[in-house]
Amino acid sequence: MPTPDLEPLSAPIELQFDYTRSVGPVIGRFLGALARRRIVGVRGSDGRVHVPPVEFDPDTADPLDEFVEVGHAGQVVTWSWVADPVDGNPLSEPFAFALIRLDGADTAMVHAVKVDGPARMSTGMRVRAVWAETTTAAIGDIVHFVPEDDADAAAGTDPEPLAGAALTAFLDQDPLQILVTPFEMTVQHSASVEESSYLRAIAEGRVVGQRCPETGKVYVPPRGASPTHGVPTDEEVEVSDTGTVTTFCIVNVPFIGQKIKPPYVGAYILLDGADIPLLHLVLGCDPSEVRMGMRVRAVWKPREEWVPSTGNIEHFAPTGEPDAPYESYAEHL
Amino acid sequence: MTSTQTAARPGALTPETVTDDDVAVVGFCQSPSVRRSYSTTNGTEMLVPIFQQIYKDLGITRRDIGFWCSGSSDYMSGRAFSFISSVDAIGAVPPIDESHVEMDGAWAMYEAYVKLKTGETDTALAYGFGKSSAGNLRRTLALQTDPYVVAPLWPDSLALAGMQARLGLDAGLWDEAAMAEVAARSRRDAVGNPAAQFAGFRAPDGTVTDDVTAEQLLAQPMLADPLRRHDIAPVTDGAAAIVLASGRRAFALCDNPAWITGFEHIIDSAELGGRDLTTAPSAAEAGERATGGDVAGITMAELHAPFTHQELILRSALGLDGAADAVAINPSGGPLTGNPMFAAGLQRIGNAARAVIDGGADRALGHATSGPLLQQNLVCVLDGRR
């Protein structure tokens with residue numbers, strides 16, 4: 001695409017939520033055991049012990065349920081140096097990610113190894129788990145691994161291993177059922193060139209749209225392509241801030257984050273000169289008076305509060321003109 | 001599992017002998033690969049020009065397309081159902097038959113291929129797009145891993161690939177020089193590709209030369225030991241589109257369609273520590289089925305390997321190793337010179353198909369991968385069959 005005259009507007013979106021997952025009996029027992037500082041794996045159809053456990057055998061797809069307790073120390077199978085850790089990594093200073101095969105396991109787990117530089121890392125080196133002071137039944141209960149000859153590691157020992165009925169009783173005692181994983185990420189959201197033009201105009205108190213070259217219809221806000229014909233839109237058109245209510249709904253339900261006390265009206269408003277209605281508020285009259293065809297005009301915020309946002313229009317209010325005839329907006333419902 | 005291969009019945013295909021079961025790539029277009037685009041995360045701005053180009057190339061309008069399928073990711077754009085907005089680039093009036101995969105566009109193409117095989121339509125357009133620059137790509141990609149015991153540690157894509165590379169280094173399967181040679185060849189080849197993100201060698205003083213050697217690259221520092229910058233595909237924004245057609249329709253749109261004679265995709269276990277990461281069994285199996293076990297006639301292959309060592313794994317898995325002289329690998333420069341997420345795999349097939357359509361190759365192979373560490377692999381064999 002060609003370089004635009006003005007760089008499109010952009011701003012970060014910061015997403016944050018908790019993933020809440022049911023974990024099933026295998027992962028649930030593994031995580032429940034981690035909370036009590038024990039590490040278990042599961043025996044596969046070929047006899048291999050998988051740590052972390054898998055629910056189904058990767059080769060035969062058989063369900064797996066024979067648990068085996070393994071050691072807290074093991075061998076680095078491979079590693080990679082993380083010079084620039086990302087948010088959420090087990091360590092915020094440079095560290096190594098490694099595949100670690102714990103004593104008694106046949107598969108390797110991904111985890112962090114805390115050392116002061118890549119020169120301290122080597123394939124085959126022995127490492128030992130360092131446990132969190134407070135465990136939560138998550139993979140992070142092992143905060144990281146350290147070389148087995150470190151002082152931190154020297155303090156650690158494996159618990160007396162459980163097997164058979166004793167292990168089953170231990171695992172059945174407090175398996176995890178629901179895992180909550182916090183998630184956050186930042187995405188730099190860019191408006192399109194056309195949307196940016198709309199936002200820059202509305203910061204000056206003007207409403208602009210763009211015309212579809214095939215149908216001649218004017219889209220407000222404008223879009224990068226005509227959504228009906230998939231062709232680029234490039235003719236900018238200024239439209240009025242007066243329009244017609246095409247349809248509306250009376251909001252009676254309170255919800256978190258609501259800014260206006262119900263009841264109030266959300267409406268589609270077909271601005272004069274536009275072919276797509278804009279969603280906005282209709283205030284300034286009793287909600288019961290709002291009707292299809294009602295003529296309304298934008299009520300702008302004070303000029304000093306204008307920013308690149310449709311919020312510069314505080315709401316729409318009735319103009320008092322006679323209603324628009326149905327035929328004038330029937331095509332835009 | 002059923003196989004879709006038709007490699008067992010070679011021979012000339014003409015407008016007289018073609019059937020609706022024969023499906024071909026008839027058009028391909030890609031956006032320039034760039035480090036940062038002015039596009040929105042729904043890709044519309046990158047897609048509109050390439051759709052316009054592909055209609056022009058084929059002499060069709062959007063109304064001639066019977067089915068649409070896209071590949072992209074909500075995680076990249078940071079919102080749910082982000083791909084819906086990209087439909088603006090198609091134009092959805094009157095209503096269209098459209099679908100989406102949360103994978104590389106190559107899998108969207110597979111869905112389109114199946115749609116054509118059902119006989120419900122004779123033309124389809126598959127596209128893929130990704131604005132990788134919008135977030136922290138190497139971190140976002142950690143979300144492809146197991147959500148219970150791996151993803152909570154946020155193992156970034158470079159760390160995972162570094163562990164895979166070291167396994168092969170330690171085992172003596174490849175060395176740093178072999179990895180650098182892949183990068184050097186890719187950068188030299190990219191000189192001829194205007195869509196590539198970069199080409200040649202940029203010296204520390206900023207001067208860029210077309211020629212580049214493995215030795216020059218190996219002199220650079222480690223980025224994610226054992227990976228240097230040249231081992232890693234660049235963060236890239238971009239998009240791609242392919243038009244498929246079946247039967248006589250393919251001949252009507254293209255003088256020399258690139259017939260799909262094998263198309264397979266297979267997945268390996270998600271348990272990273274449970275499989276041998278120095279191999280790609282699913283790539284080997286998909287390649288075996290798609291080629292019918294015969295790679296002899298293939299003279300050109302585009303492999304979707306976002307890390308140098310992964311090209312070495314794939315060449316071995318697909319039986320293209322040691323055939324460097326006989327088979328041109330990634331003559332476009334490949335993903336190491338432009339790797340738009342969710343479009344790069346489709347670009348590989350598109351480049352392979354273009355070589356057949358243009359007559360540069362009689363038989364070409366396109367490969368795509370999705371998921372961490374070559375977990376899922378797709379192979380498409382394209383045949384001139386004149």
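Residues numbered from 1 in each chain as written. Chains lettered and ligands numbered in written order. Predicted model: local features only at pLDDT ≥ 70, side-chain atom pairs only at ≥ 80, totals over all residues. Heavy atoms only, no water.

Q: Is there a simple way to think about the packing of helix 7 (residues 176-189) of chain B against helix 11 (residues 308-317) of chain B in this case?
A: Between two packed helices, both the angle of their axes relative to each other and the distance between the axes serve to describe the pair. Residues and elements named next belong to chain B. Interaxial distance between helix 7 and helix 11 falls to 8 Å at its minimum, and their mutual angle equals 95 degrees. Classed by the angle they form, the pair helix 7 and helix 11 counts as roughly perpendicular. Contact residues: helix 7 offers Ala178, Met179, Val182, Ala183, Arg185 and Ser186, while helix 11 offers Thr308, His309, Glu311, Leu312 and Arg315. Class assignment of the residues belonging to the contact of helix 7 with helix 11 gives a composition of five nonpolar, three polar and three charged. (Axes fitted to C-alpha atoms, helices over the stretch in contact; angles between N-to-C directions. Helix = DSSP H or I, 4+ residues; strand = E, 2+ residues; numbered from the N terminus. Parallel < 35°, antiparallel > 145°, perpendicular 65-115°, else oblique. Contact = heavy atoms within 4.5 Å. Nonpolar A, V, L, I, M, F, W, Y, C, P; charged D, E, K, R; others polar.)

Q: I would appreciate a short explanation of the sheet that holds strand 3 (residues 49-50) of chain A in the present structure.
A: Residue and element names in this part refer to chain A. As summarised here, the arrangement of the three strands in space is 3-2-4, forming an open sheet in which the pairing is antiparallel. Lying at the two open borders of the sheet, with one neighbouring strand each, are strand 3 and strand 4 (67-70). In the sheet, strand 2 (residues 39-43) pairs with strand 3 via two bridges, with the strands oriented antiparallel. Within the sheet, the bridge partner assigned to Val42 lies in strand 3 and is His50. Its contacts with the sheet put helix 1 (residues 24-35) on strand 2 and strand 4, and the angle it makes with strand 2 is roughly 155 degrees. (Pairing = 2+ DSSP bridges.)

Q: Got a minute to help me understand the environment of Leu318 of chain B in this structure?
A: All names here are of chain B. By the secondary structure assignment, Leu318 is in the loop between helix 11 and strand 12 (328-329). Considering only alpha carbons, one finds Leu318 and Gly293, 25 residues apart in sequence, at a separation of 9.4 Å. Beyond its immediate chain neighbours, meaning those up to four positions away, Leu318 contacts Ala283, Gly287, Val295, Leu303, Leu365 and Val379.

Q: What am I meant to see in the nonpolar core here?
A: One recurring pattern in soluble globular proteins is that nonpolar side chains are buried together. Counting residues in hydrophobic clusters, the biggest one holds 92 residues, and the most contacted among them are Leu31, Ile39, Ile100, Leu102, Val113, Met121 and Phe145 of chain A. Contacts of Ile39 of chain A, omitting those with residues within four sequence positions, involve Phe30, Leu34, Val51, Val68, Glu69, Val70, Gly71, His72, Leu102, Trp131 and Ile142 of chain A. Residues Tyr110, Leu116, Leu244 and Ala353 of chain B belong to the second largest nonpolar core, which totals 37 residues. (Core = buried A, V, L, I, M, F, W, Y, C linked by side-chain atoms within 4.5 Å. Buried < 20%, exposed > 50% of the residue type's maximum accessible area, 1.4 Å probe, protein only.)

Q: How do you make sense of the environment of Leu374 of chain B when you look at a structure like this?
A: Residues and elements named next belong to chain B. Residue placement: Leu374 occurs in the loop between strand 14 (363-370) and strand 15 (376-383). Leu374 gets classed as buried once you look at its relative accessible area, which sits at 2%. Each C-alpha atom of the pair Leu374 and Ile298 lies 22 Å from the other, and the pair is 76 residues apart in sequence. Contact partners of Leu374, with chain neighbours within four places excluded, come to Gln164, Asp268, Arg275, Ala280, Ser282, His304, Gln310, Ile313, Leu314 and Thr369.

Q: Mind showing me how you'd approach the pairing of strand 14 (residues 242-251) of chain A here?
A: Two faces make up the sheet, and in a regular strand the side chains alternate between them. All names here are of chain A. Both strand 14 and strand 17 (residues 295-300) contribute to a ladder of three bridges, which runs antiparallel. Looking at strand 17, one finds that Thr242 is bridged to Arg297. The pairing of strand 14 with strand 15 (residues 264-271) spans eight bridges and is classified as antiparallel. Bridging across to strand 15, Val245 finds its partner in Ile269.

Q: Explain the interface of chain A and chain B to me, please; I cannot follow it from the model alone.
A: Reports often express the size of an interface as the amount of accessible area lost when the parts come together. Counting residues at the interface gives 65 residues for chain A, matched by 56 residues for chain B. Roughly 4,800 Å² is buried in total at the junction of chain A and chain B, and carbon and sulfur atoms are behind 60% of that figure. At the junction of chain A and chain B, the tally comes to four salt bridges. Two residues, Arg223 of chain A and Asp88 of chain B, come together in a salt bridge whose shortest N-O distance is 2.7 Å. Taken together, chain A and chain B are joined by 23 residue pairs in polar contact (both at pLDDT 80 or more). Looking at the side of chain A that touches chain B, the elements with two or more residues in it are strand 1 (10-22), helix 1, strand 5 (73-82), strand 6 (95-102), strand 7 (109-113) and strand 10 (178-190) of chain A. The dominant element in the side of chain A that touches chain B, judged by the number of residues it contributes, is strand 10 of chain A, at ten residues. Residue classes in the side of chain A that touches chain B are distributed as 36 nonpolar, 21 polar and eight charged. (Buried area = accessible area lost by both parts, 1.4 Å probe. Salt bridge = Lys/Arg side-chain N within 4 Å of Asp/Glu carboxyl O. Polar contact = N/O pair within 3.5 Å; in protein donor to acceptor, adjacent residues only side chain to side chain.)

Q: Got a minute to help me understand helix 11 of chain B in this structure?
A: One turn of the α-helix equals 3.6 residues, which is why residues spaced by three or four share an orientation. Judged by how many residues are buried, helix 11 of chain B sits mostly within the fold: eight of ten residues are covered. Among the residues trailing helix 11 of chain B, Gly319 of chain B stands out with phi positive, at a value near 75 degrees.

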